[in-house]
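# Summary of the model geometry
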Amino acid sequence: MLDAVPSRTATATAFTRAAHVHIDDAPPVFDDHVAYDLLPGYQRRFIKRLAALSPPWVRRYRQTRNAFTTMRAQIVVRARYAEDALAKARETGVDRFVVLAAGLDTFALRQALRPTDPPIEVVEIDHPATQRWKRKLLAERGIAEPSELTFLPVDFEEEALAHVWIDSTTPDFGSWLGTTYYLTREAITATLTTLAERTQPGSQLVLDYWREPPPTDLSAPLLWGTRVAVALQQEPMRSFFEPQDIEALAEAAGWRVRENCAATEQNRRYLAARNDQLSVPSFAHLLHLEH
Ligand SMILES: C[S@@+](CC[C@H](N)C(=O)[O-])C[C@H]1O[C@@H](n2cnc3c(N)ncnc32)[C@H](O)[C@@H]1O
């Protein structure tokens, strides 16, 4: 699907994480203060203009729920959920973070700015075109690739992850965010199976998946609009799952479900105490797996 062009949705999600830090109420749900540095100039100018609005306009903006507010909630909550789970997993001996379909993920860059003791090894797996473009972008922006970061290019639709996978002797923690809906069921199954087979017992994986809402659901028009928008960017959506359907698929691939987290629970956990209008749409689910 992406062929030779880098993913545009990767820039869109980085834009969204950066916008959240600058325009939503403090504290951010997910503090990605590095994403802004990776954006094209016109997107940075847009965020700066929003952040510079006078207080009444900012208040009004924050009290308005629109498609961007809702998608922003989904994107920052899934990132927070994954990194919260990673932090807990590290206490149990996980010492490698595998970021599948990383796009412009900034964990490794943020870690390099705030060194932990000891830093965790990070492996970014992504479509070759997106990964090449990200590395070029980092070089152009004068951002050094952190020494703990390894890049593994893989097209999940065309190549077996098993061919490039680097085995570890300790459990891994993986995140696979913003991606399952762009892949075929076969590619998702193959990737989950390889990860279960090639990672150590105790490894964990967090992914998000979307459920196709009934046409009468309030979130249905948002999902349709998003599908059209991403298809126009050559990244059509291909897979949606019912909660029990993806659980069965993950279990058959060798995983145990730790949590299958619906939007209502995500909103309760991360957004209930906020004064802005961030709210995860009902079609967005998070799945936390372990084996
Ligand atoms: C919406 S971005 C998500 C990026 C990041 N995980 C996030 O949450 O911001 C989708 C990512 O999926 C990757 N992707 C899409 N199709 C892929 C494929 N067939 N093989 C490997 N990666 C793919 C894209 O390169 C892109 O980085």
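Everything discussed here concerns the structure shown above.
A brief structural summary. The model shown is predicted, which means the values in this text are computed figures rather than measured ones. (Residues numbered from 1 in each chain as written. Predicted model: local features only at pLDDT ≥ 70, side-chain atom pairs only at ≥ 80, totals over all residues. Heavy atoms only, no water.)

We now examine the pairing of strand S5 (residues 204–210). In terms of burial, S5 is largely enclosed, as seven of its seven residues are buried. Here S5 shows two buried faces, one formed by Gln204, Val206, Asp208 and Trp210 and the other by Leu205, Leu207 and Tyr209. Bridge analysis of strand S4 (residues 173–176) against S5 gives four bridges, and the strand direction is parallel. Bridge pairing in S5 links Ser175 to Val206. For the segment spanning S4, helix H8 (residues 185–198) and S5, crossover handedness is right-handed. (Buried < 20%, exposed > 50% of the residue type's maximum accessible area, 1.4 Å probe, protein only. Helix = DSSP H or I, 4+ residues; strand = E, 2+ residues; numbered from the N terminus. Pairing = 2+ DSSP bridges. Right-handed = clockwise from strand over helix to strand, strands pointing away.)

Bringing a nonpolar patch on the surface into the picture now. Judged by side-chain polarity, Trp224, Val228 and Leu232 come together as a nonpolar surface patch covering roughly 370 Å² of accessible area. Along the chain, the position of Trp224 falls in helix H9 (residues 220–232). Under the relative-accessibility criterion, Trp224 is labelled exposed at 52%. (Patch = residues over 30% accessible without salt bridge, like charges linked within 9 Å, V, L, I, M, F, W, Y side chains within 5 Å. Areas by Shrake-Rupley, 256 points an atom, 1.4 Å probe, with all protein chains shown as cover. Salt bridge = Lys/Arg side-chain N within 4 Å of Asp/Glu carboxyl O.)

Pairing in this open sheet of seven strands is mixed, and the strands run S3-S2-S1-S4-S5-S7-S6 from one edge to the other. For this open sheet the edge positions go to strand S3 (149–153) and strand S6 (256–261), each flanked by a neighbour on one side alone. Here the strands of the sheet are splayed against their neighbours by 20° on average, with no regard to which way each runs. (Axes fitted to C-alpha atoms, helices over the stretch in contact; angles between N-to-C directions.)

With that settled, consider the packing of aromatic side chains. For the structure shown, the criterion picks out eight aromatic pairs. Centre to centre, the rings of Phe15 and Phe46 are 6.0 Å apart; their planes meet at 40°, and the pair counts as tilted. Taken together, the residues span a long stretch of sequence, with Phe15 in helix H1 (residues 8–23) and Phe46 in helix H2 (residues 41–51) at a distance of 31 residues. For Phe15, a relative accessible area of 13% puts it in the buried group. For the pair Phe15 and Phe68, a centre-to-centre distance of 5.9 Å together with 25° between the ring planes defines the contact as stacked. Placement of Phe15 in helix H1 and of Phe68 in helix H4 (residues 67–90) is noted, with a sequence separation of 53 residues between them. Residue class for Phe68 comes out partly exposed when judged on its relative accessible area of 23%. Above the ring of Phe68, the side-chain terminus of Arg72 is found at 4.6 Å from the ring centroid. (Phe/Tyr/Trp six-rings, centres within 6.5 Å; stacked < 30°, edge-to-face > 60°. Lys NZ or Arg CZ within 6 Å of the ring centre and 35° of its normal.)

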